[in-house]
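Given next are the chains, with one letter for each unit.
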Amino acid sequence: MEKNDAHIIVLGNEKGGTGKSTLAMHVVVGLLEKDKKVAVIDLDARQKSVARYLQNRQSFMANGGTHVAMPEFAVIMQSGASVIKDREAEDQENLKTALDKFKDNVDFIIIDCPGNDTYLSRLAHALADTLVTPLNDSFIDLDLLGEVSPTDFQVKKLSFYTEMVWESRKFRSASGKPPMDWIVVRTRLASLDSRNNKRVHDALQALQKRIMFRYVPGLYERVIYKELFPSGLTILDLEKINSLSHVAARQEVRSVVDSLNVL
Ligand SMILES: Nc1ncnc2c1ncn2[C@@H]1O[C@H](COP(=O)(O)OP(=O)(O)OP(=O)(O)O)[C@@H](O)[C@H]1O
Ligand SMILES: [Mg+2]
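Parameters and conventions
Residues numbered from 1 in each chain as written. Chains lettered and ligands numbered in written order. Predicted model: local features only at pLDDT ≥ 70, side-chain atom pairs only at ≥ 80, totals over all residues. Heavy atoms only, no water. Buried < 20%, exposed > 50% of the residue type's maximum accessible area, 1.4 Å probe, protein only. Helix = DSSP H or I, 4+ residues; strand = E, 2+ residues; numbered from the N terminus. Pairing = 2+ DSSP bridges. Axes fitted to C-alpha atoms, helices over the stretch in contact; angles between N-to-C directions. Parallel < 35°, antiparallel > 145°, perpendicular 65-115°, else oblique. Left-handed = near helix turned anticlockwise from the far one by under 90°. Contact = heavy atoms within 4.5 Å. Nonpolar A, V, L, I, M, F, W, Y, C, P; charged D, E, K, R; others polar. Expected span 1.5 Å × (residues − 1). Right-handed = clockwise from strand over helix to strand, strands pointing away. Core = buried A, V, L, I, M, F, W, Y, C linked by side-chain atoms within 4.5 Å.

Chemist: Would you explain the pairing of strand E5 (residues 130–135) in this entry?
Modeler: A regular strand carries its side chains on alternate faces of the sheet. Most of E5 sits out of view: 6 of its 6 residues are buried. Residues of E5 alternate between two faces, with Thr-130, Val-132 and Pro-134 on one and Leu-131, Thr-133 and Leu-135 on the opposite face, all of them buried. Across 3 bridges, strand E1 (residues 7–11) lies against E5 in parallel orientation. Within E5, the position partnered with Val-10 by the bridge is Leu-131.

Right, dumping it as structure tokens:
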């Protein structure tokens, strides 16, 4: 692989609990199972969800579990400097140090952002080759992208988050990089095909024309996506699968990874 070739995938939105870290972990394992070298940068130093998931994965092996592929990983603390300029310079330096450490040795760098607007998160968005935004099945979450009329699905207003992504896109094209691929993935979908589900779908279709993202099928709400956290494993790591729901979950995760179009 050429130097500086690592593809950066950022998991981001500005709403807590939509499934960024869960999806990040599954994308990481999905890429590892394709024999890709992966590094993870966790920008959510308060929760460290992905870093903790990965520590559990290391412990699983250390305690006699079967070998599972591991990514490299780092957690970046937000700067505590009191002057904004110093804070931003420190955040920038820390992110650059982590990227420099990984970028020549891996195929993919996955960056998991916190569920709020931070300077580190903005920096990550500006670096994203692929931005993955998980969205729950609700009009409240849809507001994170833009205001859409619930009756005729007209897009009334774009959100601060969407404006920020557009700024990142402009920044990228000014620096001569290929366009960012922005993918919106629905997560925690209800298993019943509800009326709400359909309306969110219609609204997303209206939004995707206006904002230019790719809207792809995602993950249903399933216990298996949360119960494996203590073992550090994912549905992709399980050797034996004994329910139809698990077969569907594995298929779902692989479809999301495929839909990133990075392999
Ligand atoms: N598809 C899913 N099915 C079931 N539970 C899920 C699914 N996705 C996420 N969860 C659960 O939802 C909660 C929030 O998920 P997660 O931590 O991945 O979100 P997040 O966007 O990273 O949150 P934050 O913004 O706080 O970092 C967790 O308890 C997680 O286990
Ligand atoms: Mg998280």
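Chemist: How should I be thinking about unusual backbone geometry in this particular structure?
Modeler: One can expect most non-glycine residues to show negative phi and most peptide bonds to be in trans. Here the phi dihedral of Lys-48 falls at roughly 50°; this positive angle occurs in a residue that is not glycine. By the element assignment, Lys-48 lies in the loop between strand E2 (38–42) and helix H2 (49–62). Even without being glycine, Phe-153 reaches a positive phi, approximately 60°. Of note, Phe-153 is situated in the loop between strand E6 (146–148) and strand E7 (155–158). A residue is classified by how much of its surface remains accessible, and Phe-153, at 19% relative accessible area, is buried.

Chemist: Explain the packing of helix H1 (residues 20–32) against H2 to me, please; I cannot follow it from the model alone.
Modeler: For any two helices packed against each other, one specifies the inter-axial angle together with the distance between the axes. Closest axis-to-axis distance for the H1/H2 pair is 9 Å, and the angle between their directions is 45°. Viewed along their axes, H1 and H2 adopt a mutual orientation that is oblique. When you trace H1 past H2, the crossing you get is right-handed. Within the contact between the two elements, H1 uses Ser-21, Ala-24, Met-25, His-26 and Val-29 and H2 uses Ser-49, Val-50, Tyr-53, Leu-54 and Arg-57. The residue makeup of the contact of H1 with H2, split by class, is 6 nonpolar, 3 polar and 1 charged.

Chemist: Would you explain H2 in this entry?
Modeler: Since one α-helical turn is 3.6 residues long, residues separated by three or four positions face the same way. With 14 residues, H2 should cover 20 Å at 1.5 Å per step; its first-to-last C-alpha distance of 20 Å lies within 8% of that length. What H2 keeps buried is the set Ser-49, Val-50, Ala-51, Tyr-53, Leu-54, Asn-56 and Arg-57. Looking at the packing, one finds that the buried side of H2 touches H1, E2, strand E3 (72–75) and strand E4 (108–112). Note on H2: the residue one or two positions beyond its end, Gly-64, has a positive phi of about 95°.

Chemist: Even after reading the chapter, I still don't get the pairing of E2, so can you show me in this structure?
Modeler: For E2, a buried count of 5 out of 5 residues is recorded, marking the element as mostly surrounded by other parts of the structure. Here E2 shows a buried face lined by Val-38, Val-40 and Asp-42 and a second buried face lined by Ala-39 and Ile-41. Bridge analysis of E2 against E4 gives 5 bridges, and the strand direction is parallel. Paired with Val-40 across the strands is Ile-110, a residue of E4. Judged from the 4 bridges that link them, E2 and E3 form a sheet pairing that is parallel. Across the sheet, the residue bridging to Ile-41 is Ala-74, located in E3. Where the polypeptide runs from E2 across H2 and back to E3, its parallel neighbour, the crossover connection is right-handed.

Chemist: Explain the nonpolar core here, please?
Modeler: Note on soluble globular proteins: their nonpolar side chains tend to be buried together. Judged by nonpolar contacts, the single largest core of 41 residues is most densely connected at Ile-41, Leu-43, Ile-109, Leu-145, Trp-182, Leu-204 and Phe-213. Per-element tally for this core: the top contributor is helix H7 (residues 195–211), with 5 residues. If you look at the next biggest cluster of nonpolar residues, it comprises 36 residues, including Met-25, Val-28, Ile-110 and Val-257.

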